[in-house]
Amino acid sequence: MFKKVLIGSLAALTLFTFAGPSLADTSSTPASVSDEEWQKSPPPTSDASWGILAQGITQTFTMFAHPQLMSFKADRYEIGTGKVLSVKVCRSFSESECPRDEYQKYGAPLGMCNADSLDCIEEVGVTSSSGEKLSVNFVKEFPGKTGWDFVGNAAFNLPTSSSSFLVNIPNAPHAYGNLYLISSIIGSARMPQESRFRPATLETSIWPVRLLQGNYNVYAESTDPNMYSGLGINTGVPVGQGMTCEGVQNTATECAMPVAAPLDISFSLKFKLSTTITGWLSGRISNVDASLTKDAGGVQHFSVSARSVRVPTIFGWVKKSETPADLAKFYSEMDPFVLNMGNGYGKCLDPAGVNGPCNAKYWESVLRNPGNSPQGMKEFAMWLPIIKDTAAAAPTAWYFRNENGEIGDKCVDSQSQITGLVTTNATVFIPGPPSFNESEGTLDYKVLAPHSLPDGTVFKGTYDLLISSTLARCIYKFTSAPIKATVSVVSEAGVTQIVTTSITERDGFIHLAANGFTFSNPTIKVKLSQDVVTPTPSPTPTSKVPLVVVPAKKTTITCTKGKLIKKVSGVKPTCPAGYKKK
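About the thresholds
- Every chain is numbered independently, its residues counted from 1 as its sequence is written.
- Selection of residues for local features in this predicted model requires a pLDDT of at least 70, selection of side-chain atom pairs for listing and counting requires 80 or more, and totals for whole chains, interfaces and linings are taken over all residues.
- As a rule here, side-chain values cover all heavy atoms of the structure and leave hydrogens and water aside.
- By definition, any uninterrupted DSSP run of H or I lasting at least four residues is a helix, any uninterrupted run of E lasting at least two residues is a strand, and each is numbered from the N terminus.
- Three exposure classes are used, based on accessible area relative to the maximum for each residue type with a 1.4 Å probe and protein chains only: buried under 20%, partly exposed in between, and exposed over 50%.
- Only heavy atoms enter the contact rule, under which two residues are in contact if any of them lie within 4.5 Å.
- Reported accessibility uses the Shrake-Rupley method at a 1.4 Å probe radius. Residues are deemed covered only where the shown protein chains occlude them.
- The definition of a nonpolar core used throughout is a set of buried Ala, Val, Leu, Ile, Met, Phe, Trp, Tyr and Cys residues joined through side-chain atoms within 4.5 Å.
- Any pair of cysteine sulfurs within 2.5 Å is marked as a disulfide.
- Pairs of N or O atoms within 3.5 Å make up the polar contacts considered here, provided that, within protein, one atom can donate a hydrogen while the other can accept it, and that residues adjacent in sequence are counted only when both atoms are side-chain atoms.
- Here a pair means two rings of Phe, Tyr or Trp (six-membered ring of Trp) with centres within 6.5 Å. Their orientation is stacked below 30 degrees between planes, edge-to-face above 60, and tilted elsewhere.
- Two strands qualify as a pair provided DSSP detects at least 2 bridges between them.
- In this description, a line fitted to the C-alpha atoms serves as the axis of each element, helices being fitted only across the stretch in contact, and the angle between N-to-C directions of two axes falls anywhere from 0 to 180 degrees.
- Between Lys or Arg on one side and Asp or Glu on the other, a salt bridge is scored when a side-chain nitrogen of the former is within 4 Å of a carboxyl oxygen of the latter.

Assigned secondary structure in the chain consists of four helices and 37 strands. Taking all 582 residues of the chain together, the buried fraction comes to 50%. The contacts in the chain between residues at least 6 apart in sequence include a share of 73% that link residues at least 24 apart. Only carbon and sulfur atoms are counted for the fraction: they give 54% of the accessible area of the chain, which is about 27,400 Å².

What follows is the structure, encoded as structure tokens:
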């Protein structure tokens, strides 16, 4: 596993204690509106206009503070095009509640674990910049019981719903105190032909907040089929006659307003999940550590530790009559229905009149939010000159979610496990894993953000990549030898920036980070390599030369004894006794 910086087990009751009845922040509001409270505005004139908005966090489920298990009957079960005929709220997944021949979807907030619960948060931890572990106190569930709660069914990959919750961290103060909202919502869907819910999306944020008291609407998904322009298209309606909470979540009496997070503190969460989570994690955090294990019962124990980052907001309007040529051409070639999706402003120009929501294609002015995709990134890039390459705001974020996607040629089955994590503080990026550029042997990742922050300072980028060592070695056909990496940040003009990078490999994952690069629309290229290990050659056997025995050379000597003469031959001949060598 990765190094974990996790404290605060609720089971141990050492760090989570009830904080007391005083929950609302009573401190005075600063004179200027913070980046966290920045709100979009309508076109500055009454002229028909195009607008653009990207706030860096695309939240699917957290727009609703309550659980939801919904069943939809449709004329055909195709997302976006099927006509919704009826809608109902389910309290369980019994067939009488949720018919198996209908489309269903759910969103289930995760609460703090108790001794035997699943699909919950086991631990919340905080570590200071000096490495000190800070105490964390559980305050209360938020919003708590809402009436939309439902009971899960593990056989259908459906969790039991709970509630987001508030904690305070005395030694991690923000501008309005020390209250934090832990919001983690798991969600999925199933078509009638599917036997169980698909692997789920887990969407998680840690928000420093202040609580405002008032009479607020609580948003719920509509049960009126006329409020849906197509199957699977979310339609939230206010419940109650109160104000709209402009914060991140609310109850009928309290609104949680986000405030700036400290950037030098690491926050960590540890999850206990029976519901299947797969794919890649992506989000807005930095200095990341993470781990994922499964116990003998197949329950995932998943943890993430990271710091918050600032994420620039892209926002602006331009009159349709003054739209730059490249953007006007881009919009003229887009499907009218897709083009006008988003937030409508001005008149509804439907010639047949309005019965229910205005058809998207008839809005006079539209605030575009194309999202994180190659086509969306192309559109955002055309807007950067219009907004003078400067952010409208730069709020802080601690956020991640899992995405689908694979790299490599079937090296890892991403439908059965989490295989990596990629995070950045860029406004726009392509969710999921980086793409493998076979021609260059690089893992490429496209990011986009304004060059400047609202105060005119240059915005500096962060990038963290965690990838399974097994996956990386499979993609590159590496051995088990240590892996090295180089990182380059290449601008649209082909200019390569020098960035601060680091790489480590531990616990089965490679962790690489790059920091300090500038925007607007660069590509981050990671190239992994390893030294070629030359095997030590075995000694070459030498040929044995046969031993040739050379016979010793014989000599002959002459020996005499008086008149007698005798010749003696041999290798070392000697004269017999009484004879002398002549």
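Following the structure, the description resumes.
The biggest cluster of nonpolar side chains holds 45 residues, and the ones touching the most others in it are Tyr 106, Ile 121, Ile 169, Leu 202, Phe 271 and Trp 398. Of all the elements, strand β15 (residues 266–273) adds the most residues to this core, at four residues. When sequence neighbours within four positions are dropped, the list of residues in contact with Ile 121 reads Leu 110, Gly 111, Met 112, Cys 113, Phe 165, Ile 182, Ser 184, Leu 269, Lys 270 and Phe 271. In terms of nonpolar packing, the next biggest core, distinct from the first, is built from 31 residues, Leu 443, Ile 467, Ile 483 and Ala 514 among them.

A full pass over the atoms with the stated rule returns four disulfides. Each sulfur of the disulfide joining Cys 90 and Cys 98 lies 2.0 Å from the other. The S-S bond linking Cys 90 to Cys 98 shows a torsion near 125 degrees; that makes this disulfide right-handed. The side chain of Cys 559 participates in a disulfide bridge whose partner is Cys 575; the two sulfur atoms lie 2.0 Å from each other. One disulfide, between Cys 559 and Cys 575, carries an S-S torsion of -85 degrees and so falls in the left-handed class. Highlighted residues: Cys 559 in strand β35 (residues 555–561) and Cys 575 in the loop between β36 (564–570) and β37 (580–581), separated in sequence by 16 residues.

Burial runs high along helix α4 (residues 469–476): six of the eight residues are buried. Restricting attention to buried positions, one finds in α4 the residues Ser 469, Leu 471, Ala 472, Arg 473, Ile 475 and Tyr 476. In the stretch just after α4, Lys 477 is the one whose phi turns positive, near 60 degrees.

Bringing the side chain of Asn 157 into the picture now. Assignment of secondary structure puts Asn 157 in the loop between β7 (137–141) and β8 (165–168). Here Asn 157 falls in the buried class, since its relative accessible area comes to 3%. Among the polar contacts made by the side chain of Asn 157, one reaches the main-chain carbonyl oxygen of Phe 197 at a distance of 3.3 Å. Setting aside residues up to four positions removed in sequence, Asn 157 forms contacts with Tyr 106, Arg 196, Phe 197, Arg 198, Pro 199, Ser 274, Thr 275 and Thr 276.

Turning our attention to the packing of aromatic side chains. Enumeration according to the criterion identifies 22 aromatic pairs in this entry. Between Tyr 180 and Phe 267 the ring centres are 5.4 Å apart and the planes differ by 50 degrees, which places this aromatic pair in the tilted class. Of the two residues, Tyr 180 is situated in strand β9 (residues 179–190) and Phe 267 in strand β15; the sequence distance between them amounts to 87 residues. For Phe 267, a relative accessible area of 2% corresponds to the buried category. Summarising the aromatic geometry, the rings of Phe 330 and Tyr 331 are spaced 6.0 Å apart at their centres and angled 55 degrees between planes, so their arrangement reads as tilted. Ring-pair connections join several aromatic residues into one group, and the members of that group are Phe 93, Tyr 106, Phe 150, Phe 156 and Phe 197.

For the rest of this paragraph, the subject is the sheet that holds strand β1 (residues 49–54). Pairing is mixed in the open sheet, where four strands are placed in the order β20-β1-β22-β21. Two strands in the sheet have a free side with no partner beyond their single neighbour: β20 (314–319) and β21 (343–348). For this sheet, the mean angle separating the axes of adjacent strands, direction not counted, is 15 degrees. Of the strand pairs in this sheet, β21 and strand β22 (residues 363–368) are connected by four bridges, and their pairing is antiparallel. Within β22, the residue paired with Asn 343 across the bridge is Leu 367.

Next up on the list: the sheet that holds strand β5 (residues 120–127). Spatial strand order, β6-β5-β15-β18-β17: five strands in an open sheet with antiparallel pairing. Here the strands that pair on one side only, and so sit at the sheet edges, are β6 (133–134) and β17 (286–294). Across eight bridges, β15 lies against strand β18 (residues 300–307) in antiparallel orientation. Bridge pairing in β18 places Ser 268 opposite Ser 305.

Moving on, we come to unusual backbone geometry. Here Phe 142 and Pro 143 are connected by a cis peptide whose omega angle stands at 15 degrees. Residue position: Pro 143 is located in the loop between β7 and β8. The phi dihedral of Asn 287 is positive, around 55 degrees, even though this residue is not glycine. Notably, Lys 388 is not glycine yet its phi reads approximately 60 degrees, a positive angle. Turning to its location among the elements, Lys 388 is positioned in the loop between α3 (374–383) and β23 (396–397).

If you trace the backbone, His 301 turns up in strand β18. Of note is the side chain of His 301, whose polar atom sits 3.2 Å from the side chain of Glu 122. A polar side-chain atom of His 301 sits 3.1 Å from a polar atom in the side chain of Asp 295. In this structure, His 301 is in contact with Glu 122, Lys 270, Phe 271, Lys 272, Ser 291, Leu 292, Thr 293 and Asp 295, ignoring residues within four places of it in sequence.

Enumeration over the complete set of coordinates arrives at 14 salt bridges. The partner of Glu 440 in a salt bridge is Lys 525, with the nearest N and O atoms 3.2 Å apart. One end of the pair, Glu 440, is in the loop between β27 (435–437) and β28 (442–448); the other, Lys 525, is in strand β34 (residues 523–529), and 85 residues separate them in sequence. The buried category is assigned to Lys 525, whose relative accessible area is 14%. Sharing partners across several salt bridges, the network here consists of Asp 75, Arg 76 and Glu 78.

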